[in-house]
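# Summary of structural features
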Amino acid sequence: MPAMNMIQALNSALDAMLERDPNVLIFGEDVGYFGGVFRVTDGLQKKHGVTRCFDSPIGEAGIIGAAIGMSVYGLRPVVEIQFADYIYPGYDQIVSEMARIRYRSAGDFFVPITIRTPYGGGIFGGQTHSQSPEALFTHVAGLTTVIPSNPHDAKGLLISAIESDDPVIFLEPKRIYNGPFDGHHEKPVEPWPKHPMSEVPEGHYTIPLGKAAVVREGADVTVLVYGTMVHVALAAAKEAGVDAEVIDLRTLIPVDIGTIVASVEKTGRCVIAHEATLTSGFGAELCALVQEHCFYHLEAPIERVAGWDTPYPHIFEWDYFPGPKRVADAMRRAVEA
Amino acid sequence: MRNRSSLSLHIPQPKYRPGEKAEFSYVNVPKAGTVERPPSDAKAQNITSLAYSLIRVLDDEGNAVGSWDPKVNVEMLRKGLRAMMLTRAYDDRMYRAQRQGKISFYMKSTGEEATSAAYAFALERDDMCFPSYRQQGLLIARGYPVFEMMCQCYSNARDPVKGRQLPIMYSSRENGFFTISGNLGTQFPQAVGWAMASAYKGDDRIAAAWIGEGTTAEGDFHHALNFASIYRAPVILNVVNNQWAISSFQGIAGGEQATFAARAIGYGLPGLRVDGNDFLAVYAAAQWASERARANQGATLIELYTYRVEGHSTSDDPGRYRPADEGKSWPLGDPIERLKRHLIALGEWSEARHDALNTEMVELVRETQREVEAIGTMEGGARPPLGTMFEDVFKEVPWHLRRQREQAGG
């Protein structure tokens, strides 16, 4: 199996789906000839033709609105929003339209759209290239929200998203496109090929939506994470010397409640970490779910580690980012409580 | 069976890609001075041809010709030239600073300096500018110190926006320069609203805004034109058509079917299409639109036709999507060279003076950079205090941010 980074794995998923299904097409800003600003669609226009992978105007409402129309016709558009921070002009089309078309037409119409968009910080992108807006989508009824944390999952999850008959928000943690960054910005990142999850099968395969992965088994504390924070949590567990069970949620909605509950019932403790701002973040929902389902098993208050409730500050990137030290401290607090 | 032909999907393509020889014979460049200047209170529907022509003042020999010649004094021209040359020297230096890892990001305005600098002279000091991220020339021409701009790029302790924004996202109320957003086009309707407020208050100030041609695809562009038309807002709405939106040529923004200036026609606004590399033409168009706005005649849309000589930003690699030498065959030349030639033709400038001024600008930037780097760069030195990260989210810092500030050690 070839070793791939996230970009190559996502490209491979798109390539496989363009090959397999003539109704799949890709468009978005700079995705055509250039292959996208992060190179995820590199070579796809050349291989599959200009009508299968093409540039769109800079208009996110137009991109998503047009994708809805296409999907109603029977196509399966995979659109790229260049940065998650740019998605807001398209938010009405997502929230009031895409998410509800199946419901409001009682299944008469449905819109199998995948919106791919890079999100998250760690690249000194300032407040308009660093946000983690996942909670703005998990809060909306009718949206499946997916976040992969490694190349193998990225490909399988993207194929599942494209094959889903419901709209999927597919958030790509851009900081780990090229390697499993663990929050230690002072050290170079190991490239993906040294990581076991960089082994990506050729061709078509799927990772089911709605299924979390236990990436580290442990007895002391359950750690709920997704995206870049999976790698930060693994580093933090090691550095804190805590036997943590680290769960990579992979799909936020519908969240894999069974895996979460089984783990918290075992450990009795829970730490939740995400890059997004704390208040009304997805961690708040996880926290509520854990206390509803596992209250009598909890032996310590649930800990949340998140971005501060400020816009993403350019020069204070590493004071803002919930790095391994903050996550390790939370694990220790949970275990020692 | 119905006897109908099959449809096919049209995807616009640029004429040339890497490895091909670019030439611009398809770009219609009328002779300078051939477009007539109507009175600034002309009815929009009577001047629609201006949206399809190209207002040019400077001819190939450097003479100012035709009815759009604004006949400005030589002192202003020399100031304009200096502003453009300082902008270029500043851009070159900051680009290098990014490559050296001293700043995180940079965006040059090379070749587009006139589209900003000329406005600083056509507008009044208390008029308000709503820029995009490539209008550094406007701040420089308005006399904002390069020191402040550079500290912003370095996010150091003297950064006026306290390290919160990417380099080039300046903000200066004192200089009538609205805080720059990294999201595209949002400033267009904001400029209209500012202009409406000036009219509401019975003042005489006007607003001006800039976006690129790619951004005309955003809804905000259309909201701005609509509001500006409905309320006759005293605003100048500029579209800098530099041909490329990162890797997408202007056809992807809808430039194949109509000019960007022609977007004005459906909204009942005048649309002017202007040679954006001609300092005098840009100045003249801005002056026309400003005269019109101040006379309560409302807004003007101006397409500034130019070419993005460099990459979109330091994160871009234009060699991947357009011929490397494309800029060399751009038919409208270079704005600094053209203004220089004009001043020489007037007998008011020389190659020697030009070289001396260029050296002075390069030295000024280098000297300023030394001062700025002594304060701090991305790699180290003095930063704004950590606790400032939690300020200005709200006017007062609420309890939850005070708590987080403590947790962060600020």
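Structure: above.
Residues numbered from 1 in each chain as written. Chains lettered and ligands numbered in written order. Predicted model: local features only at pLDDT ≥ 70, side-chain atom pairs only at ≥ 80, totals over all residues. Heavy atoms only, no water.

### Digging into the overall build of chain A
Helix and strand counts for chain A stand at twelve helices and twelve strands. Over its C-alpha atoms, taken along the principal directions, chain A stretches across nearly 60 × 45 × 40 Å. Taken across its 337 residues, chain A has 64% of its residues classed as buried. Taking all contacts inside chain A whose residues are at least 6 apart in sequence as the whole, residues at least 24 apart take part in 78%. Carbon together with sulfur atoms contributes 53% to the accessible area of chain A, which is approximately 12000 Å² in total. Taking the average location of the 26 positive side-chain charges in chain A and that of its 42 negative ones, the two points are 3 Å from each other. (Helix = DSSP H or I, 4+ residues; strand = E, 2+ residues; numbered from the N terminus. Buried < 20%, exposed > 50% of the residue type's maximum accessible area, 1.4 Å probe, protein only. Contact = heavy atoms within 4.5 Å. Areas by Shrake-Rupley, 256 points an atom, 1.4 Å probe, with all protein chains shown as cover. Lys, Arg positive; Asp, Glu negative; His and termini not counted. Charge placed at Lys NZ, Arg CZ, Asp CG, Glu CD.)

### Digging into the overall build of chain B
Scanning chain B from N- to C-terminus turns up ten helices and nine strands. A globule of 410 residues ought to have a C-alpha radius of gyration of about 22 Å, and chain B, at 22 Å, matches this closely. A principal-axis box enclosing the C-alpha atoms of chain B has dimensions of 70 × 65 × 55 Å. The proportion of buried residues among the 410 residues of chain B is 58%. Summarising the internal contacts of chain B: among those between residues at least 6 apart in sequence, 74% fall at separations of at least 24. Taken as a whole, chain B presents about 17300 Å² of accessible surface, with 48% of it coming from carbon and sulfur. (Rg over C-alpha atoms; globule rule 2.2 N^0.38 Å.)

### Regarding the nonpolar core
Membership of the largest hydrophobic core comes to 116 residues, with the highest contact counts inside it found for I94, M98, I115, V223, L224, L249 and M331 of chain A. For this core, the element with the highest residue contribution is helix α1 (residues 6-20) of chain A, accounting for nine residues. The next biggest cluster of nonpolar side chains, apart from the first, holds 80 residues, and it includes I180, L272, A285 and I302 of chain B. (Core = buried A, V, L, I, M, F, W, Y, C linked by side-chain atoms within 4.5 Å.)

### Considering unusual backbone geometry
Leave glycine aside and you will find that most residues have negative phi; peptide bonds, for their part, are mostly trans. Omega for the bond connecting I253 of chain A with P254 of chain A falls within 30 degrees of zero, at -5°, which places this linkage in the cis form. Positionally, P254 of chain A belongs in the loop between β10 (251-253) and α9 (257-267). The phi dihedral of D392 of chain B is positive, around 70°, even though this residue is not glycine. Positionally, D392 of chain B belongs in the loop between β9 (380-381) and α10 (399-408).

### Brief notes about the interface of chain B and chain A
Listed per partner, the contact involves 43 residues of chain B and 37 residues of chain A. Summing the contributions of chain B and of chain A, the shared interface buries around 3300 Å²; its carbon and sulfur component is 64%. Run the count over chain B and chain A and you get eleven residue pairs in polar contact (both at pLDDT 80 or more). A per-element tally of the side of chain B that touches chain A places α10 of chain B first, with five residues. Residue classes in the side of chain B that touches chain A are distributed as 20 nonpolar, 15 polar and eight charged. (Buried area = accessible area lost by both parts, 1.4 Å probe. Polar contact = N/O pair within 3.5 Å; in protein donor to acceptor, adjacent residues only side chain to side chain. Nonpolar A, V, L, I, M, F, W, Y, C, P; charged D, E, K, R; others polar.)

### Topic: empty space enclosed by the protein
Across all of its chains, the model carries two cavities of 30 Å³ or more by this definition. Its boundaries defined by the atoms lining it, the largest cavity holds a volume of some 70 Å³. Around the largest cavity sit 13 residues that line it, and D55 of chain A together with P12, Q13, R17 and I252 of chain B are the ones nearest its centre. Of all the secondary-structure elements, those providing two or more residues to the lining of the largest cavity are β2 (53-55) of chain A together with β5 (248-249) of chain B. One number sums up the size of the second largest cavity: a volume of about 30 Å³. Looking at the lining of the second largest cavity, the elements with two or more residues in it are α8 (228-240) and β11 (270-277) of chain A. (1 Å grid on protein atoms, 1.4 Å probe; cavity = no way out; pocket = protein on both sides within 12 Å on 5 of 7 lines; lining within 4 Å. Points joined across faces, edges and corners; volume = space filled by probe spheres on them.)

### Considerations on the packing of helix α3 (residues 60-73) of chain A against helix α4 (residues 91-98) of chain A
All names here are of chain A. Where α3 contacts α4, the axes come no closer than 7 Å and their chain directions differ by 30°. Taken together, the axis directions place α3 and α4 in an arrangement best described as roughly parallel. Contact residues: A61, I64, G65 and I68 in α3; Q93, I94, E97 and M98 in α4. (Axes fitted to C-alpha atoms, helices over the stretch in contact; angles between N-to-C directions. Parallel < 35°, antiparallel > 145°, perpendicular 65-115°, else oblique.)

### Side note on the layout of surface pockets
Take a probe with the size of a water molecule and roll it over the atoms, and the empty space left behind shows itself. What the second largest pocket holds in volume is close to 760 Å³. Residue lining of the second largest pocket: 29 residues in total, with V305, A306, W308 and R326 of chain A together with Q407 of chain B positioned closest to the centre. Elements with a minimum of two residues in the lining of the second largest pocket: β12 (303-307), α11 (317-320) and α12 (324-336) of chain A together with α10 of chain B. For the lining of the second largest pocket, the residue count by class is ten nonpolar, nine polar and ten charged.

### Overview of the sheet that holds strand β7 (residues 300-305) of chain B
Residues and elements named next belong to chain B. Sheet architecture is open: five strands sit in the order β1-β2-β3-β7-β6, paired in parallel fashion. Of all the strands in the sheet, just β1 (128-130) and β6 (271-275) have a single pairing partner and so form its edges. Going from strand to strand, the sheet's axes swing by 20° on average, the running direction of each strand aside. Looking at chain direction, β1 and strand β2 (residues 207-212) are connected through three bridges and run parallel. Bridging from a neighbouring strand, M128 pairs with A207 of β2. (Pairing = 2+ DSSP bridges.)

### Thoughts on a nonpolar patch on the surface
Residue and element names in this part refer to chain B. There is a patch of nonpolar side chains on the surface, built from F227, I230 and Y231 and spanning about 330 Å² of accessible area. With respect to the secondary-structure elements, F227 resides in helix α6 (residues 219-230). A relative accessible area of 42% means that F227 is categorised as partly exposed. (Patch = residues over 30% accessible without salt bridge, like charges linked within 9 Å, V, L, I, M, F, W, Y side chains within 5 Å. Salt bridge = Lys/Arg side-chain N within 4 Å of Asp/Glu carboxyl O.)

### Digging into the environment of R56 of chain B
All names here are of chain B. With respect to the secondary-structure elements, R56 resides in the segment before α1 (74-99). Along the sequence, R56 and V146 sit 90 residues apart, while their C-alpha atoms lie 31 Å from each other. A polar contact is formed between the side chain of R56 and the backbone oxygen of P30, at a distance of 2.9 Å.

### Quick notes on the side chain of R142 of chain B
All names here are of chain B. On the secondary structure map, R142 appears in the loop between α3 (136-141) and α4 (146-154). Lacking a salt bridge, the buried R142 has D127 as its closest oppositely charged neighbour, with an N-O distance of 5.5 Å. Polar side-chain contacts of R142 include one of 3.4 Å to the backbone oxygen of D127. Residues in contact with R142, not counting those within four places in the same chain, are A120, L123, E124, R125, D127, C129, N175 and G176.

### Details of the pattern of salt bridges
Applying the stated rule across the entire model yields 41 salt bridges over all chains. The salt bridge involving R116 of chain A is made with E172 of chain A; its shortest N-O contact spans 2.5 Å. Here R116 of chain A is found in strand β4 (residues 114-119), whereas its partner E172 of chain A is found in strand β6 (residues 168-173), with 56 residues between them in sequence. A salt bridge links E303 of chain A to R333 of chain A, with the shortest nitrogen-to-oxygen separation between them at 3.0 Å. Within this pair, whereas E303 of chain A is found in strand β12, its partner R333 of chain A is found in helix α12, the two being separated by 30 residues in sequence. The class for R333 of chain A is partly exposed, based on a relative accessible area of 44%. Each of R56, D275, D278 and R338 of chain B takes part in one network of salt bridges that share partners.

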